[in-house]
Number of protein chains: 2
Amino acid sequence: VIGAVDVGGTKVAVGVADAQGRLLAQDRFPTRPERGPDAVIAEIADRLRALGHPFTTVGVGCVGPLDLDEGLILSPPNFPGWDRVPLRRALEARLGLPVVIDNDANAAALAEYKLGAGQGAKILVYATVSTGIGGGILVDGKLVHGVGGGAGEFGHQTLVPDGPRCGCGNHGCLEALASGPAIVAAARKAGFERPDMHAGHVAEAAAAGDPIAGKVWEDAVEVLAIGLGNVITTLAPDRVVIGGGVAQAGDLLLRPLREALARRVRMVPMDRVDVRLAAHGADAGIFGAIAVGLPRA
Amino acid sequence: VIGAVDVGGTKVAVGVADAQGRLLAQDRFPTRPERGPDAVIAEIADRLRALGHPFTTVGVGCVGPLDLDEGLILSPPNFPGWDRVPLRRALEARLGLPVVIDNDANAAALAEYKLGAGQGAKILVYATVSTGIGGGILVDGKLVHGVGGGAGEFGHQTLVPDGPRCGCGNHGCLEALASGPAIVAAARKAGFERPDMHAGHVAEAAAAGDPIAGKVWEDAVEVLAIGLGNVITTLAPDRVVIGGGVAQAGDLLLRPLREALARRVRMVPMDRVDVRLAAHGADAGIFGAIAVGLPRA
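Residues numbered from 1 in each chain as written. Chains lettered and ligands numbered in written order. Predicted model: local features only at pLDDT ≥ 70, side-chain atom pairs only at ≥ 80, totals over all residues. Heavy atoms only, no water.

1. Thoughts on the packing of helix H6 (residues 199-207) of chain A against helix H7 (residues 211-235) of chain A
Residues and elements named next belong to chain A.
Then, in step 1: Their axes nearest at 7 Å, the elements H6 and H7 cross at an angle of 115 degrees. Judged by the twist between their axes, the crossing of H6 over H7 is left-handed. Listed contacts from H7 to Ala199, Val202, Ala203, Ala205 and Ala206 of H6 are Ala213, Gly214, Val216 and Trp217.
Then, in step 2: When the residues that make up the contact of H6 with H7 are grouped by side-chain class, the tally is 8 nonpolar, 1 polar and no charged. (Axes fitted to C-alpha atoms, helices over the stretch in contact; angles between N-to-C directions. Helix = DSSP H or I, 4+ residues; strand = E, 2+ residues; numbered from the N terminus. Left-handed = near helix turned anticlockwise from the far one by under 90°. Contact = heavy atoms within 4.5 Å. Nonpolar A, V, L, I, M, F, W, Y, C, P; charged D, E, K, R; others polar.)

See the structure below:
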């Protein structure tokens, strides 16, 4: 039995799962990082124990940047005063159990590989398209971490050298062009508006024949296809799994995306690259943590 | 002792190397693919034997596209009438020895990993910048092949969606913008000319203060940095090795490239990414074949 902890900027989810990765119980609470690390880590341990299922190991998926070797949270935006917090060791000390930690995108990739739409892939590219664009890469069932755990940050590939400034400091990153907020901003600029607008509204209006939303959605999908196509051209994965809020658009994303990929990617046989939606939509966080805690298959 | 065969479009190099990868003897001859596969394969076997060193296994690096599972040459441009030629089996039959085959870029990557500037890397990205731009990727000492052996084709990532048409059928590929011929074409268009011009002329004139060549070289290096930066942002390699004709410019390439990479790549700690020139310049082909033949380290 595995304890699972998904540490996000706004909420923490905790859960307990069996050896097959099935969720037995779960709970969630606001992160409120301004309380400081000690209070947050104490609540994580208390809430995990309160689920009432004894567990023997704990998997953690956490917002980055992290130091994976040391199990540290470095200093995420929106975590004021958190700097090199030894999350792994602090949890191990409180729970008296081994704790395994990875960043949230890698954790979600691992969950798709072990328990979701990535099962059986030789090379898996998992991409989450949401507030940001990121992902994880598995080769022969093993996560590729890279220096500083930076592998999978393909949301920050440069697509428009003089494009809009990205949060990372570079210009014209994929993320600055095709993330959820970027799609909403493009729609607004083109004159399309909905209350509490998110990318799904644009996709739906596009499907319903709205010409403005149609053009915005088409452009966003094309940029996503270029970015994901570049990753495919680099790695020739047999499986690409797409998650995150924007992927909730389902076939409205997948169909035109596959079409654009077939046009852009010429050096890798796209008929052998299986592009699918993620199995764990809104639950990517907790299943990611479970997957991090599961022993290697 | 290993037999090595480097099959290129214009020439074939054969060699024999010891278990440490040291070349004991070599020879080369024009490919003349229009003779047909049988004649070419017969000459390969004859020339290898004529080197006078008995060998027990043969490594082959070959222009693609290949079918690596079956050891076939599919149908390279400039090989008229060659279609699904069973190079591996035909050589095995003629020599009575096991033959291992890979494409030339992967072979060169493997040579840098085993015998060159990539030794000890956990994640190695090898890029050749020459008539084309391609490369190979090793994770934990193992080549990543991907579906159709297409991994490492990052020369065909899209950088300018409506850019110049590339040989692959896509538009605005890195290769169409920053390969040797692309640099020469850009120089010519800008009014810079040399007899038998190659990219090195542009680099040298830029270093000598020629403003036209300076601008062309600067632009080419920036595009290379964006393309290689995108690969680094995807894989976070600890080592990047650059070979091919354009890399003969040495520090004239390496210094500004590192500078541009540091500007572009924000999510991977560039101070931990060691960017080097390849150890095997003009000999990348034969050392690639040797590396393919060497047993795994």
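Having put the structure on the table, let's press on.
2. As for empty space enclosed by the protein
Then, in step 1: On inspection of all chains with the given rule, the structure shows 1 cavity of 30 Å³ or more.
Then, in step 2: Counted as a void, the largest cavity has a volume near 40 Å³.
Then, in step 3: Contributing to the lining of the largest cavity are Gln157, Asn230, Val231 and Thr234 of chain A together with Gln157, Asn230, Val231 and Thr234 of chain B.
Then, in step 4: At the level of elements, H7 of chain A together with helix H7 (211-235) of chain B are the ones that each hand at least two residues to the lining of the largest cavity.
Then, in step 5: Residue classes in the lining of the largest cavity are distributed as 2 nonpolar, 6 polar and no charged. (1 Å grid on protein atoms, 1.4 Å probe; cavity = no way out; pocket = protein on both sides within 12 Å on 5 of 7 lines; lining within 4 Å. Points joined across faces, edges and corners; volume = space filled by probe spheres on them.)

3. Looking at the relation of the copies chain A and chain B
Then, in step 1: For the pair chain A and chain B, the superposition axis carries a translation of 0.0 Å, the fit reaches an RMSD of 0.0 Å, and the rotation angle comes to 180 degrees. The transformation just described matches what one would write down for a two-fold rotation axis. Distance from the rotation axis, computed per C-alpha, reaches its smallest value in chain A at Leu159 of chain A: 2.9 Å.
Then, in step 2: A share of 100% of the interface residues of chain A reappears at the interface of chain B, consistent with the copies meeting face to face through the same patch. (Least-squares fit on C-alpha atoms with pLDDT ≥ 70 in both.)

4. As for the pairing of strand S2 (residues 11-17) of chain A
Residue and element names in this part refer to chain A.
Then, in step 1: Here S2 lies mainly inside the structure; 6 of its 7 residues are buried.
Then, in step 2: Across 6 bridges, strand S1 (residues 2-7) lies against S2 in antiparallel orientation. Bridging from a neighbouring strand, Val7 pairs with Val12 of S2.
Then, in step 3: Hairpin connection between S1 and S2: a loop of 3 residues separates the two successive antiparallel strands.
Then, in step 4: Two strands pair when backbone bridges link them, and S2 and strand S3 (residues 23-30) are joined in this way by 7 bridges, in the antiparallel orientation. (Buried < 20%, exposed > 50% of the residue type's maximum accessible area, 1.4 Å probe, protein only. Pairing = 2+ DSSP bridges.)

5. Considerations on helix H8 (residues 251-264) of chain A
All names here are of chain A.
Then, in step 1: For H8, built from 14 residues, the straight-helix expectation of 20 Å at 1.5 Å per residue is met to within 8% by its first-to-last C-alpha distance of 19 Å.
Then, in step 2: Taken residue by residue, H8 has Leu253, Leu254, Leu257, Ala260, Leu261 and Arg264 as its buried positions. Buried residues of H8, viewed axially, fall in a sector of 140 degrees; they line one side. Exposed and facing more than 90 degrees away from the buried side of H8 are Arg255 and Glu259.
Then, in step 3: On its buried side, H8 packs onto H7, strand S11 (239-243) and strand S12 (274-277). (Expected span 1.5 Å × (residues − 1). Arc of directions from axis to C-beta.)

6. Let's talk about the confidence of the model for chain A
Then, in step 1: Of all residues in chain A, 100% have pLDDT values of 70 or greater, and the mean over the chain is 96.
Then, in step 2: Across the predicted assembly, pTM comes out at 0.96 and ipTM at 0.96. (pLDDT = per-residue confidence, 0-100.)

7. Brief notes about the interface of chain A and chain B
Then, in step 1: Contact residues are listed per partner, giving 39 residues for chain A and 39 residues for chain B.
Then, in step 2: In terms of surface lost to chain B, no three residues of chain A exceed Val147, Thr234 and Arg264 of chain A, which account for 20% of the buried area on that side.
Then, in step 3: Along the contact surface separating chain A from chain B lie 2 salt bridges.
Then, in step 4: Note that Lys142 of chain B is salt-bridged to Asp140 of chain A, the shortest N-O span being 3.0 Å.
Then, in step 5: Summed over the shared surface of chain A and chain B, the number is 14 residue pairs in polar contact (both at pLDDT 80 or more).
Then, in step 6: The element that contributes the greatest number of residues to the side of chain A that touches chain B is H7 of chain A, accounting for 6 residues. (Buried area = accessible area lost by both parts, 1.4 Å probe. Salt bridge = Lys/Arg side-chain N within 4 Å of Asp/Glu carboxyl O. Polar contact = N/O pair within 3.5 Å; in protein donor to acceptor, adjacent residues only side chain to side chain.)

8. Comments concerning the environment of Ala207 of chain A
All names here are of chain A.
Then, in step 1: You can see Ala207 is positioned in helix H6.
Then, in step 2: With relative accessibility at 53%, the residue Ala207 sits in the exposed group.
Then, in step 3: Put simply, Ala207 and Leu252 are 45 residues apart on the chain and 7.2 Å apart in space, counted from C-alpha to C-alpha.

9. As for the pattern of salt bridges
Residues and elements named next belong to chain A.
Then, in step 1: Within the structure shown, the criterion is met by 28 salt bridges over all chains.
Then, in step 2: Here Asp27 makes a salt bridge to Arg47, at a shortest N to O gap of 3.1 Å. Here Asp27, found in strand S3, pairs with Arg47, found in helix H1 (residues 37-50); they are 20 residues apart in sequence, far enough to count as distant.
Then, in step 3: A relative accessible area of 28% means that Arg47 is categorised as partly exposed.
Then, in step 4: For Asp46, the salt bridge goes to Arg49, with nearest N and O atoms at 3.7 Å. Here Asp46 pairs with Arg49, and both are found in helix H1, just 3 residues apart, close to one helical turn.
Then, in step 5: The class for Asp46 is partly exposed, based on a relative accessible area of 45%.
Then, in step 6: Taken together, the salt bridges that share partners define one network made up of Asp27, Arg35, Glu43 and Arg47.

10. Re the side chain of Thr128 of chain A
Then, in step 1: Mapped onto the secondary structure, Thr128 of chain A falls in strand S8 (residues 123-129).
Then, in step 2: Setting aside chain neighbours within four positions, we find Thr128 of chain A in contact with Ile133, Gly134, Gly135, Gly243 and Gly244 of chain A.

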